[in-house]
Amino acid sequence: MRLVLDGLPPCRDSELYIKDLHFDEVPVRIYLPKAPAVSTRRGVIFFHGGCGIFGSIRSHERICRYIARKSDSVVVSVGYRLSPESQYPAQTLDCLTATERFLKTAQNYGVDPDRIIVCGDSVGGTFAASVCQELGNRRDIPKIRAQVLIYPFLQALNFNLPSHQKNAFITFLSRERTAHFLLKYLNKDCSMKEAILAGSHVPESINLKYMKWINPDLIPDRFKLGYKPPLPASFSPRVHEETKELFQIRLSPLLAEDAVVSHLPDTCIITCEHDVLRDDALLYKKRLQDNHVQVTWHHMEGGFHSALGFFGYGIFSFPSSSEMVNHTRAPPLGSFQPGEMELLLGILLAVLTVVVAMAFYYEHPKAEIPHGFSQRQRLYFLHHLLNFGFGLATFLDKVGIASEVHVLRTIMDGISPLKDKHLLIKDARFEKVKVRIYQPKISTTGQRRGILYLHGGIGRFGSIKAYERTCRYLARNSNSVVVSVGYRLAPKHPYPTQFEDCLTAATHFMRTAQDYGVDPSRIIICGDSSGGTLTAAVAQALVNRRDLPKLRAQMLIYPFLQSMDFNLPSYQQNKDIPILLKERSIVLGLKYLNVDWEAVKLMSKWSHVPEDLRLKYQKWVSADCIPHEFKTRGYTPSTPLPLLKDVCTLLQPVFDPVFSPLLAEDSVIARLPEAFILTCEYDVLRDDGLLYKKRLEDHGVKVTWCHLQEGFHGTVFLALWGRLLAFRSGSKGLEKIIHFLRRM
């Protein structure tokens, strides 16, 4: 990782003298402008970022050269020792040693000792703040003229400030990764990460002491849009004892006493809107100003953590990267020499791809694919491809290039297939709902069956275009008229808009079926994943409609059907099996409902199911209703969690049968049409399908069940996307679907 972050060295610089030295035992690199100076120059001592684990003089070479050239300053870049080889606080001590030496010997380098500025980015900003605090009252050395703190880390007490919530999943420095790297830097057990993020390491006495300085109430309102105060965390004496370094001033400079803060030099603070550490700097800015320290503040609306690291890499440099460097009083100008871009462009692209790929690899959970799975390598490839897509979407959203949902929708839509000579395809509207109709060109003696297809995508993704191949296949191979419904998507159109659109399309199609050569008594409604949820909900909504023909059948392809129990055997067995991991399924489902991410964490500690509902539904949603053969891969009955009313209130919509069709009353279930249910062995939703199958059969509803022994969530959708993404289980599933349709 250090090698990757170092990047490629730039070409020689004709405007600077560059030499490597040691200040005592600390390696430094000095950049001196070649142009003659009118008088002594200012000095800038630079501490690079990298969590105290990564980064180097070389990784920040372009930045230091730029500052030296454009501000006509002598720049000293400090190569402090890194963790874990050199344990904390070796890094701060090296920075302190180098700064003291430079202050004492500044004139040897043509620098005015009264014009020395300390600067750092990320953890380098932590070191800069710490060094200025430690030298504030020293009388044996010159005073530091100013400190420049670029998106600094300044406190380890509260990881639930507004910026932590808003930017929790940004790719380069997510909230979770912040705690992970902090513990690695301190050489601590990373399993304490969740406790640290929750605040369990902070005793009440310390919270009370520092809440006057570290408090969301001190953050300006414009930075708190969407902020939700977290629930109090239980204190863990063990975690506190093992992480006492987090409360040391060298690691958390925001905790310094007023007597220290009031003696600090003029300060320039640079913050980024899309950075988990944004509020650390806003709180420090307020503290400095309250103690009458002059502060110059620059806020990058489009900036994100690590943006400075891209400076000088041409097309990979972001506007915010250049803007940050220019706030060190340098005029805007790129740092490439003529011809350098053309020479390095291809190599830089490869290096950046490696960096981004590694970032996404570590950002997302690892896959656990059973050894008996016959196409393991292909599924691994699909898993990492999907992770890359999710990570890329998050990154592009955070830097303001494109929204996350837009990127994911574009990826899922894929490339449209070529024209189909066997089908007539036309776009229409059923009332206000967009649909696409697929009609076989081949002549028929009578009316055809009709299939209303509701696509998957958790109510947020998917489209008519994404399911073009699936609908064409169904129309051609079953000789049916297929109507693909383009229902509106969340978050722009909140739940239950999706259900309402599907119900509207279904009723319109049933009334006008003959206009499309369809027998009204042979209409089948079909959907996969969340489309299966919508299929079940629409079928239930139509059971009492006497003004419409009866549905011939419903087809549920690995459907999501309940939100009562996320610890059924299939959730336990398949929680880390691609492509629908347990956590991902819950997160995406709650995003569909526009429920905050905090609810996911709460659900791991508290029950969201009131006791009366648990007793009512346990006869339908229970591991006891799952056949024993589906528990042999491992199942441990879960211990009931304590009930939290706030969670129950927040998640009340999940008990609506529109969202959880398995919870519909017996009087509705008993009147449903014949069903086809497809389940996959390696799918967290497998048991939802099994439980619904049992409920239907218990009420005398005929069920055709297809179980794909090597199937996983999404396999049917992928079956028509070419050899690289298609799996044998998906092809088998399509065969079973067509066989069922031909009998209708």
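Above this note sits the structure.
Some details on the environment of Val276
Its location among the elements puts Val276 in the loop between strand S7 (266–274) and helix H11 (278–290). Here the alpha-carbon distance between Val276 and Phe159, two residues 117 residues apart in the chain, equals 8.7 Å. Look past the residues within four positions of Val276 in its chain and what remains in contact with it is Ser163, His164, Asn167, Ala168, Leu173, Ser174, Arg175 and Thr178.

Re the sheet that holds strand S14 (residues 553–557)
Taken together, the 8 strands give an open sheet; going across it, the order is S9-S10-S12-S11-S13-S14-S15-S16, and neighbouring strands pair in mixed fashion. Each having just a single partner strand, strand S9 (423–430) and strand S16 (703–712) make up the two edges of the open sheet. This sheet shows a mean twist of 20° between the axes of neighbouring strands, independent of strand direction. The sheet contact formed by strand S11 (residues 448–454) and strand S12 (residues 481–486) spans 5 bridges and is parallel. From the neighbouring strand, Ile451 faces S12, where its bridge partner is Val482. Here helix H17 (residues 497–512) sits on the sheet in contact with S9, strand S10 (433–440), S11, S12 and strand S13 (518–528), set at roughly 170° to S11.

Concerning the pattern of salt bridges
Proximity of charged atoms lets side chains of opposite charge pair with each other. Inspection of every chain in the model, using the stated rule, returns 40 salt bridges. Between Arg222 and Glu301 there is a salt bridge whose closest N-O contact spans 3.5 Å. Here the residue Arg222 occupies a position in the loop between helix H8 (204–210) and helix H9 (237–242), and Glu301 occupies one in strand S8 (residues 295–304), the gap between them amounting to 79 residues.

Focus: the packing of aromatic side chains
Tallied over the entire structure, the rule returns 26 aromatic pairs. Relative to Tyr109, the ring of Phe23 lies with its centre 6.1 Å away and its plane at 45°, an arrangement referred to as tilted. With Phe23 in strand S1 (residues 16–23) and Tyr109 in the loop between helix H3 (90–105) and strand S5 (111–121), the pair connects residues that are 86 residues apart, well separated along the chain. Given the relative accessible area of 15%, Tyr109 is considered buried. Ring geometry for Phe373 versus Tyr682: centroids 5.8 Å apart, planes at 65°, classification edge-to-face. Taken as a pair, Phe373 in the loop between helix H13 (340–363) and helix H14 (376–398) and Tyr682 in strand S15 (residues 674–682) lie far apart in primary sequence, 309 residues in all.

A closer look at the side chain of Asp94
Checked against the element boundaries, Asp94 lands in helix H3. Residue Asp94 is classed as buried on the basis of its relative accessible area of 6%. Apart from residues lying up to four places away in sequence, Asp94 is in contact with Val26, Tyr80 and Arg81.

Concerning the environment of Ile206
Position of Ile206 relative to the elements: it lies in helix H8. Classification of Ile206 as buried rests on a relative accessible area of 17%. In this structure the C-alpha to C-alpha distance between Ile206 and Phe247, which are 41 residues apart in sequence, comes to 9.0 Å. Look past the residues within four positions of Ile206 in its chain and what remains in contact with it is Leu157, His240 and Phe247.

Brief notes about the sheet that holds S7
Taking strand neighbours across the sheet as the criterion, the 8 strands line up as S1-S2-S4-S3-S5-S6-S7-S8 in an open arrangement whose pairing is mixed. Here the strands that pair on one side only, and so sit at the sheet edges, are S1 and S8. The mean inter-strand angle of the sheet, taken between neighbouring strand axes irrespective of direction, is 20°. Sheet analysis places strand S3 (residues 41–47) next to S5, joined by 6 bridges and oriented parallel.

Details of the side chain of Glu674
Structurally, Glu674 is set in strand S15. On the accessibility criterion, Glu674 (12% relative accessible area) is buried. Among the polar contacts made by the side chain of Glu674, one reaches the side chain of Arg552 at a distance of 3.1 Å. Residue contacts for Glu674: discarding those within four places in its chain leaves Arg552, Ala553, Gln554, Val701, Lys702, Thr704, Phe740, Arg743 and Met744.

What to know about empty space enclosed by the protein
Tallied over the entire structure, the rule returns 4 cavities of 30 Å³ or more. In this structure, the largest cavity encloses a volume near 230 Å³. Lining the largest cavity are 18 residues, and of these Ile458, Ser530, Thr533, Phe560 and Tyr592 sit closest to its centre. At the level of secondary structure, the elements contributing two or more residues to the lining of the largest cavity comprise H17, helix H18 (530–541) and helix H20 (582–592). By volume, the second largest cavity amounts to about 180 Å³. What lines the second largest cavity is simply Cys51, Ser122, Val123, Thr126, Phe153, Leu173, Thr178, Phe181, Leu182, Tyr185, Leu251 and Leu277. Elements with a contribution of two residues or more to the lining of the second largest cavity: helix H4 (123–135) and helix H6 (175–185). By residue number, the principal contributor to the lining of the second largest cavity is H6, which donates 4 residues.

Definitions and cut-offs
- Sequence positions are assigned chain by chain, starting from 1 and proceeding in written order.
- Per-residue local features are limited, in this predicted model, to residues with pLDDT of at least 70; the limit for side-chain atom pairs, both in listing and counting, is 80 or more; totals at the level of whole chains, interfaces and linings are taken over all residues.
- Side-chain numbers come from the whole structure's heavy atoms, not from hydrogens or water.
- A helix here means a DSSP run of H or I that spans at least four residues, while a strand means a run of E at least two residues long, and both kinds are numbered starting from the N terminus.
- Contacts were defined at the residue level, with two residues in contact if any of their heavy atoms lie within 4.5 Å.
- If DSSP finds at least two bridges between two strands, the strands pair.
- Here, axes are lines fitted to C-alpha atoms. For helices the fit covers the stretch in contact, and angles between N-to-C directions go from 0 to 180 degrees.
- Note on definitions: salt bridges are taken to be side-chain nitrogens of Lys or Arg within 4 Å of carboxyl oxygens of Asp or Glu.
- Two aromatic rings from Phe, Tyr or Trp, using only the six-membered ring of Trp, form a pair when their centres are within 6.5 Å; if the ring planes differ by under 30 degrees the pair is stacked, by over 60 it is edge-to-face, and anything between is tilted.
- To sort residues, take the accessible area from a 1.4 Å probe on protein chains only and compare it with the maximum for the residue type: under 20% means buried, over 50% means exposed, and anything in between is partly exposed.
- Here a polar contact is taken to be a pair of N or O atoms separated by no more than 3.5 Å, where protein atoms must pair a possible hydrogen donor with a possible acceptor and residues adjacent in sequence count only if both atoms sit in side chains.
- Only protein atoms enter the 1 Å grid, on which a cavity is a set of points fitting a 1.4 Å probe that cannot get out and a pocket is an open set with protein on both sides within 12 Å along at least 5 of 7 lines, lining residues being those with an atom within 4 Å of a point.
- Grid points are joined across faces, edges and corners, and a volume is the space filled by probe spheres set on the points.

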